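Each chain, written out:
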Amino acid sequence: MAHSLPPLPYAATALEPHIDALTMTIHHGKHHNAYVTNLNAAIDKTPELANWTLGDLCRNIAQVPESVRGAVRNNGGGHWNHSLFWELMAPNAGGEPGGDVGAAITKTWGDFAKFRDAFKAAGTGRFGSGWAWLVAGRDGALTIESTPNQDNPLMEGKHAILGLDVWEHAYYLKYQNRRPDYIDAWWNVVNWAEVTKRYSAR
Ligand code: MN
């Protein structure tokens, strides 16, 4: 079962002006596509992984044969992270979440602005390349985490409900070295409906 690049769920221009179309086109069509291609190349060399889903590969990364574990970690992680990332953004989105997620955020951080500051700190504080995450425990408790490279919470058995790509390729064309500005703009495209769905499915 070859892994394949999912189509963007909206036009590359849809998140303008916050995330520009050229960045979206290259990020999805080149970067994400390369993770898929390289993951398939690793699986081709390892037939026993042919029937593992992408989730299986991340969740059980320690059981992946050592000869391809690094490649699967980087490229399977990259494929999983980006497939989720596109769904976590949408046009005409952003704002503050209501419902269970909004309540859980308020309970944990006091208010949405404090949560946003803490999440931004996780993103700006990640040295080099990686991701910031909002993770939900089975009991509904929320934590902010950060992973390097293309690692993700699923590799630690955790359920991410929101993730932010802070690799330079995610923002450099429009924001250059200004990662904090990219993060500020990104809140305008966060798809809280999808985050809420993932929170319910914890
Ligand atoms: Mn990326």
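The structure presented is a predicted model; accordingly, all values stated were derived computationally and were not measured. (Residues numbered from 1 in each chain as written. Predicted model: local features only at pLDDT ≥ 70, side-chain atom pairs only at ≥ 80, totals over all residues. Heavy atoms only, no water.)

1. Let's talk about a nonpolar patch on the surface
- Taken together, L22, I26 and L173 make up a surface patch of nonpolar side chains, about 260 Å² in accessible area.
- Checked against the element boundaries, L173 lands in helix α6 (residues 172-175). (Patch = residues over 30% accessible without salt bridge, like charges linked within 9 Å, V, L, I, M, F, W, Y side chains within 5 Å. Areas by Shrake-Rupley, 256 points an atom, 1.4 Å probe, with all protein chains shown as cover. Salt bridge = Lys/Arg side-chain N within 4 Å of Asp/Glu carboxyl O. Helix = DSSP H or I, 4+ residues; strand = E, 2+ residues; numbered from the N terminus.)

2. Here we look at the domain arrangement of the chain
- Looking at the assigned domains, one finds that the chain contains domain 1 (21-87) and domain 2 (99-200).
- Each of domain 1 and domain 2 has a C-alpha centre, and these two points are 21 Å apart.
- Taken together, the contact pairs 20 residues of domain 1 with 20 residues of domain 2.
- Interface area for domain 1 against domain 2, summed over the two sides, is near 1800 Å², with a carbon-plus-sulfur share of 62%.
- Where domain 1 packs against domain 2, one counts one salt bridge.
- Across the salt bridge formed by R73 and D151, the nearest N and O atoms sit 3.0 Å from each other.
- Inspection of the region where domain 1 meets domain 2 yields 10 residue pairs in polar contact (both at pLDDT 80 or more).
- Residue assignment for the side of domain 1 that touches domain 2 shows that the elements contributing at least two residues are α1 (21-44), α2 (54-59) and α3 (66-87).
- Sort the elements by how many residues they give to the side of domain 1 that touches domain 2 and α3 lands first, with 10 residues. (Domains from an automatic or database assignment. Contact = heavy atoms within 4.5 Å. Buried area = accessible area lost by both parts, 1.4 Å probe. Polar contact = N/O pair within 3.5 Å; in protein donor to acceptor, adjacent residues only side chain to side chain.)

3. A short note on the coordination of the manganese ion
- For the manganese ion, the full set of protein donor atoms is H27 (NE2), H82 (NE2), D165 (OD) and H169 (NE2), at a range of 1.9 to 2.1 Å.
- Look at where the donors of the manganese ion fall in the sequence and you get H-x54-H-x82-D-x3-H. Linking H82 in helix α3 with D165 in strand β3 (residues 159-165), this pair joins segments that are 83 residues apart in sequence. Per residue, the accessibility class of H82 equals that of D165, and both read buried. (Donors = N, O, S within 2.8 Å, 3.2 Å for Na, K, Ca; no water. Buried < 20%, exposed > 50% of the residue type's maximum accessible area, 1.4 Å probe, protein only.)

4. Brief notes about empty space enclosed by the protein
- Per the stated rule, a full pass over the model turns up one cavity of 30 Å³ or more.
- Counted as a void, the largest cavity has a volume near 30 Å³.
- Looking at the largest cavity, the residues that line it are I19, T23, M24, H27, F85, M89, A170 and Y182.
- A per-element tally of the lining of the largest cavity places α1 first, with three residues. (1 Å grid on protein atoms, 1.4 Å probe; cavity = no way out; pocket = protein on both sides within 12 Å on 5 of 7 lines; lining within 4 Å. Points joined across faces, edges and corners; volume = space filled by probe spheres on them.)

5. As for the packing of aromatic side chains
- Counted according to the given criterion, the structure contains 15 aromatic pairs.
- With centroids separated by 6.4 Å and ring planes inclined at 50 degrees, the aromatic side chains of W80 and W133 adopt a geometry described as tilted. On the criterion of sequence distance, the pair formed by W80 in helix α3 and W133 in strand β1 (residues 130-136) is long-range, its members being 53 residues apart.
- Note on W80: relative accessible area 14%, which makes it buried.
- Pairing F119 with W187 gives two aromatic rings, centres 5.5 Å apart and planes at 65 degrees, and the pair type is edge-to-face. Within this pair, whereas F119 is found in helix α5 (residues 112-125), its partner W187 is found in the loop between α7 (179-186) and α8 (192-200), the two being separated by 68 residues in sequence. Take F119 and W187: they sit in the same class, and that class is buried.
- Three or more aromatic residues joined by ring pairs form one cluster here, namely W109, F112, F115, F119, W186, W187 and W192. (Phe/Tyr/Trp six-rings, centres within 6.5 Å; stacked < 30°, edge-to-face > 60°.)

6. Looking at α1
- With 24 residues, α1 extends 33 Å from end C-alpha to end C-alpha; this agrees with the ideal 34 Å at 1.5 Å per step.
- Along α1, the sharpest change in direction is near 30 degrees and occurs at H27.
- Buried residues of α1: A21, T23, M24, H27, H28, H32, Y35, V36, L39, N40, A42 and I43, and no others.
- Of the surrounding elements, those touching the buried residues of α1 are α2, α3, β3 and α6. (Expected span 1.5 Å × (residues − 1). Bend = angle between axes of the 7 residues up to and from the residue.)

7. Concerning unusual backbone geometry
- Of note, the amide linkage connecting E16 to P17 takes the cis form, showing an omega dihedral of 0 degrees.
- By the element assignment, P17 lies in the segment before α1.
- Although it is not a glycine, N149 sits at a positive phi angle of roughly 55 degrees.
- If you trace the backbone, N149 turns up in the loop between β2 (142-148) and β3.
- Positive phi is not limited to glycine here, since Q176 has a value of about 45 degrees.
- Residue placement: Q176 occurs in the loop between α6 and α7.
- The exposure class assigned to Q176 is partly exposed, which follows from its relative accessible area of 30%.

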